[in-house]
Each structure stands twice: as C-alpha cells, then as structure tokens.
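# Observations on the model geometry
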Amino acid sequence: MNLKNRHFLTLKDYSKEEIRYLLDLAHQLKADKKAGKIGQHLLGKNVCLIFEKTSTRTRCSFEVAALDEGGHATFLSNSQMGKKESIEDTAKVLGRMYDGIEFRGFKQETVEALAKYSGVPVWNGLTDVDHPTQTLADFLTIEEHLDKPLEDIKFVFTGDIRNNVCYGLMYGAVKMGMHFVCLGPKSLHIDPEVLAYCKEEAKKSGGTIEVTDNVDEAVKDADVIYTDIWVSMGEDESLYKPRVEMLSPYKVTQEMMNKTGKDSTLFMHCLPSFHDFETTVAKTKHDEGIDIREVEDEVFRSKNSVVFDEAENRMHTIKAVMVATLGKDA
Ligand code: CP
Ligand code: NVA
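The structure displayed is predicted, hence computed values, not measured ones.

Neighbouring ligand 2 are Leu126, Asn163, Asn164, Val165, Asp228, Ser232, Met233 and Leu271. At 2.6 Å from a nitrogen atom of ligand 2 is found a side-chain nitrogen or oxygen belonging to aspartate 228. At a separation of 2.8 Å, an oxygen atom of ligand 2 approaches a polar backbone atom of methionine 233.

Moving on, we come to unusual backbone geometry. The step from leucine 271 to proline 272 runs through a cis peptide bond, and the omega angle for that step is 5 degrees. Position of proline 272 relative to the elements: it lies in the loop between strand E9 (266–269) and helix H11 (280–287). The residue asparagine 5 is not glycine, and still its phi comes out positive at about 65 degrees. Positive phi, close to 120 degrees, is recorded for leucine 126, a residue that is not glycine. Within the fold, leucine 126 resides in the loop between strand E4 (122–124) and helix H5 (132–145). Classification of leucine 126 as buried rests on a relative accessible area of 6%.

With that out of the way, let us pick up the site of ligand 1. With respect to spatial proximity, the complete set of residues near ligand 1 consists of Ser55, Thr56, Arg57, Thr58, Arg104, His131, Gln134, Cys270, Leu271 and Arg314. The separation between an oxygen atom of ligand 1 and a polar side-chain atom of threonine 58 is 2.7 Å. One of the side-chain nitrogen or oxygen atoms of histidine 131 is found 2.9 Å away from an oxygen atom of ligand 1. For ligand 1, whose unbound accessible area comes to 260 Å², protein coverage reaches 96%. Residues belonging to the shell around ligand 1 are distributed by class as follows: two nonpolar, five polar and three charged.

Another aspect to go through is the pattern of salt bridges. Overall, the coordinates contain 30 salt bridges when judged by the stated rule. Between glutamate 143 and arginine 20 there is a salt bridge, with its nearest N and O atoms 2.5 Å apart. Of this pair, glutamate 143 sits in helix H5 while arginine 20 sits in helix H1 (residues 16–34), and the two are 123 residues apart along the sequence. Residue class for arginine 20 comes out partly exposed when judged on its relative accessible area of 27%. Of the charged contacts in the structure, one is a salt bridge between glutamate 63 and arginine 59, with a shortest N-O distance of 2.9 Å. Within this pair, glutamate 63 and its partner arginine 59 are both found in helix H2 (residues 57–68), separated by four residues, close to a single helical turn. Judged by its relative accessible area of 21%, glutamate 63 is partly exposed. Three or more residues joined by partner-sharing salt bridges are found here, namely Lys30, Lys34, Glu144 and Glu312.

Turning our attention to the side chain of glutamate 18. For glutamate 18, the location among the structural elements is in helix H1. By relative accessible area, which is 14% here, glutamate 18 ends up buried. Here the side chain of glutamate 18 touches serine 15 through a polar contact of 3.0 Å, landing on its backbone nitrogen.

A word on the confidence of the model for the protein chain. Predicted confidence across the protein chain gives a mean pLDDT of 97, with 99% of residues reaching 70 or more. Two numbers describe this predicted complex: its pTM, 0.97, and its ipTM, 0.99.

Quick notes on the rules
- Residues numbered from 1 in each chain as written.
- Chains lettered and ligands numbered in written order.
- Predicted model: local features only at pLDDT ≥ 70, side-chain atom pairs only at ≥ 80, totals over all residues.
- Heavy atoms only, no water.
- Near = heavy atom within 4 Å.
- Polar contact = N/O pair within 3.5 Å; in protein donor to acceptor, adjacent residues only side chain to side chain.
- Helix = DSSP H or I, 4+ residues; strand = E, 2+ residues; numbered from the N terminus.
- Buried < 20%, exposed > 50% of the residue type's maximum accessible area, 1.4 Å probe, protein only.
- Areas by Shrake-Rupley, 256 points an atom, 1.4 Å probe, with all protein chains shown as cover.
- Nonpolar A, V, L, I, M, F, W, Y, C, P; charged D, E, K, R; others polar.
- Salt bridge = Lys/Arg side-chain N within 4 Å of Asp/Glu carboxyl O.
- pLDDT = per-residue confidence, 0-100.

Take a look at the structure:
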C-alpha cells in the first residue's frame, strides 16, 4: 500500500483497505514504541502544526509522533494566515519550508486550500465538519478492547449528532462496514448531504446508518456508546442553555449503559469532557443553573470507559498517518 504524498483531509478520501492499512500501521508503531524501538521514519522531516483553535491531545500527538520518528515540529498558533496574508500565500510559503502541514481550525475549506496550494501532505486536525484523526484513534481503541471485527460493531453516537466528531466517525464507520446509529432529538438535523453520502457508502460496504431519537431501541445490543460535548469550539456560548434542554435525554447515564444488555459495551468520548464541574466552563454554567454534563461522572470513570486509551491512541494513529504519507519505507 502506498499512501505517500497523500493528504489526510477526511476519511471520505480513503478506501476501506487504506483505512485498514493505517490502523495496522498504528498497531505496529504502538507495539514498537512499547517495546522501546526507536523509529526513524520521519528523520530530517519538518512538519508545521497550525492551530486556530485550542488543543491538548491533537497538538501533543503531532509533536510527540514527529519527534518519536526523528522529525521536527513547529507549533504555529498566531501566524499571518487569513489576517494579513491569504491562505493561498501562506500555503505556498509553508510548503517551501515544511514537508507536511497539520491544520486545526474553523473551516474545512481552509484545510482544503492548504492542501491545494502547499505542495506537501496536509493533515486535518479538526475543522467545523470533520475530525478524521480522532476516528482512526477510536477505531484502534475498539480493536484493542473488543474481540470482533469492525464490521460487526454496533456503534451509537448520542447527543450532538451533527458535529465534527460525529460526522468523522460516520464517514469512517460506513467505509468499514460498521452499524452506526445517530441518537439525538428530531430537531437536530444531520446535513442531508452527509447522510446521503453515508447511506450510499454503507450500501457498498455492507454497513448500516440509522438516525433515531429512541434511546431504548438505539442502545440495545450496542458495542460502543460514544458522546461529545454539546457545544463545540467556535459555537456561541449562548447555545449551552438550548442545547442542554434539547440534549439532556441523550446524556450518557449508567441507566443508558445498562440498557445495552451487554457488560462489555464501551463508553467512548473524544475528550475534553464535562463529566463533572471541575472546569471553569462547567462550573460557571452550573452557577447559572445549567448542567452541561454530557455524561455521568460514574460512567466516565467506570471500567467500561476507554477514554484515556482513545487519548493515547491519538498519538499512535497520527504517527501512522504522518509515517504513511510522508515517511520513509512504511
Ligand atoms: N480530542 C481532541 O481533539 O482533543 P484536543 O482538542 O485536546 O486536541
Ligand atoms: N466537537 C468538539 C470536539 C473537540 C475535540 C469541538 O469541536 O469542540
């Protein structure tokens, strides 16, 4: 499999076999790291990490992954891009200096423009409508914990079913032939183009995609229950109140976990999470009488929760993406 010089903007651009290859490579790179083997796939490579939004996992994953493989990373959070300099010109400048570019920010169009003009591989570290490196990490985590192939997995995403993380997971799931359920209120409309695309891909892969507001039916037999915060980065703070009203029935509770009928159901979350009131955002909203917790603390900390494995796996899967698209002999 040769993915050299490919961009990684969305899993829509990748086949089932290519996603399989990236997951296998990530399993291998993780095992190598645990065995103390030093990688050199990115020796002499410089990568630029552009962040318009905040990050803990994604930024650290790209930095550690690059350094682990002998490369070097520059973190760029206050560039001229989009303010004093066009995205096209910025892409051309960075492409002269760097071998690869990661972008996290507000618009998918920006990561696409960087890919169009930079002349080097560009990786999507989250936009308004996608989070493909998160999806890879989540699939790796499922494979580590559940003893069955991805195509046999019933995956339920509950809550804000039209956000970037959910769409990214949907794209990956339909490519891999999984059974994906979007669980949320009827008033939250998934982009019809996204849904049509996923239904078409599911037909090809033997997967299924379902949208429902019925909690009991959705979670029955689920292998995975996944959620994310209810107001994403870049969305207005004033949305917390209406979202809490709309999404509270879809909060992950122990009662919901019990309804799957399985002891092995994984609880998953991309993080960061408002599972308690230990953050300023959750605390401030709590003081205003708004409970923004999308999952019960009890579930978040339970034995079924694999959230920190997902976080670790961001690094191994991002490493696989960089090694595959940029590295030597992967
Ligand atoms: N899951 C994720 O992308 O985390 P960060 O926002 O911390 O990068
Ligand atoms: N949906 C969240 C994901 C954070 C990793 C956001 O965009 O803020």
